[in-house]
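What the coordinates show
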Amino acid sequence: YYYPLDGSEEYMKPIDNMGLPMQNDGNAFITQGISPVSEDGVGIYLWEPAKNINTYLTDYQGYGYYGAEKAFYLRDGVLIEKEYSTGCETQLVNTGFKGDPLLHCFPDYLVVSLSSDCSSKILYFYNWNYELVDSIELSYENAENLYNPICGESDNRVYLLGGKSNLPEYYIDKADIGTGEIRLHRLTMP
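Let me begin by describing the structure that accompanies this report.

**A look at the sheet that holds strand β16 (residues 184-186)**
- Here four strands make up an open sheet; going across it, the order is β13-β14-β15-β16 and the pairing antiparallel. Every interior strand has two partners, whereas the edge strands, β13 (150-153) and β16, have only one. Strand-to-strand, the axes of this sheet are offset by a mean angle of 35 degrees, without reference to chain direction.
- As defined by bridge partners, strand β15 (residues 168-173) adjoins β16 across three bridges and the pair is classed as antiparallel.

So, in structure tokens, the structure goes:
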């Protein structure tokens, strides 16, 4: 259900096609639901609240960024950009990573989260020219057990989940990225 905060509607309305909120791309709302093209697949949709309609964009291709016009995701270690209007996939860079790395797309950087083995978790930072600029091994307790350590981002920081809770407990100062001297900082919350 949704309710406009401007008071233009008196009651909550169900979202068309039971789309589940996923993320946004500026002012565009991205949802996920049942794929119309693949059996048992997940579809990515653009939800227009003013009209309450979901428009199918593509099928979910794995963890990455799904925007209003294109998506970025990893397949077999290759970073791919997909334009919805043409269906064209462009291979941007081969990271060489095997397994199931996670891709995080931020305005400043692309971050690949990788468990190289059962004893470490490593973050690799790429610029938007798709060049590797830095990396850091997460060395705090239980970090290796986190499927997805990144839980948020701000103008100056990348926030990381702690090893024992689902709350941010550490952060990386973005000014350190690219210096070869990335450090983990303990987050102090009130």
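**Observations regarding the nonpolar core**
- One finds L123, F125, L160 and I172 to be the most contacted residues of the largest nonpolar core, which totals 18 residues.
- Among the secondary structure elements, those contributing two or more residues to this core are β11 (120-126), β12 (132-138), β14 (157-161) and β15.
- Tallying contributions element by element places β14 first for this core, with three residues.
- Core analysis: the second largest hydrophobic core is formed by twelve residues, F72, L79, F97 and I122 among them.

**Details of the packing of aromatic side chains**
- With the rule as written, the count across this model stands at eleven aromatic pairs.
- Centroid distance Y45 to Y56: 5.7 Å. Interplanar angle 70 degrees. Geometry classified as edge-to-face. Taken together, the residues Y45 in strand β3 (residues 42-48) and Y56 in strand β4 (residues 53-59) connect sequence positions eleven residues apart.
- Its relative accessible area of 29% is what places Y56 among the partly exposed residues.
- Here W128 and Y130 contribute two aromatic rings whose centre-to-centre distance is 6.3 Å and whose plane-to-plane angle is 70 degrees, an arrangement assigned as edge-to-face.
- A relative accessible area of 29% places W128 in the partly exposed class.

**A few points about unusual backbone geometry**
- Although it is not a glycine, N52 adopts a positive phi angle of roughly 55 degrees.
- Tracing the chain through its elements places N52 in the loop between β3 and β4.
- The phi dihedral of D76 falls on the positive side, at around 55 degrees, and the residue is not glycine.

**Focus: the environment of L187**
- Here L187 shows up in the segment after β16.
- Sequence separation between L187 and Y171 is 16 residues; the distance between their C-alpha atoms is 6.3 Å.

**Re the sheet that holds strand β2 (residues 28-34)**
- If you trace the four strands from one edge of the open sheet to the other, you get β1-β2-β3-β4, paired in antiparallel fashion. The strands lining the two open edges of the sheet, one partner per strand, are β1 (20-25) and β4. Pairs of neighbouring strands in the sheet enclose a mean axial angle of 35 degrees, with direction left out of account.
- Strand direction decides the pairing type here: β2 and β3, joined by six bridges, are antiparallel. In the strand pairing of β3, I30 is matched with L46.

Scoring rules and cut-offs
Residues numbered from 1 in each chain as written. Predicted model: local features only at pLDDT ≥ 70, side-chain atom pairs only at ≥ 80, totals over all residues. Heavy atoms only, no water. Pairing = 2+ DSSP bridges. Helix = DSSP H or I, 4+ residues; strand = E, 2+ residues; numbered from the N terminus. Axes fitted to C-alpha atoms, helices over the stretch in contact; angles between N-to-C directions. Core = buried A, V, L, I, M, F, W, Y, C linked by side-chain atoms within 4.5 Å. Buried < 20%, exposed > 50% of the residue type's maximum accessible area, 1.4 Å probe, protein only. Phe/Tyr/Trp six-rings, centres within 6.5 Å; stacked < 30°, edge-to-face > 60°.

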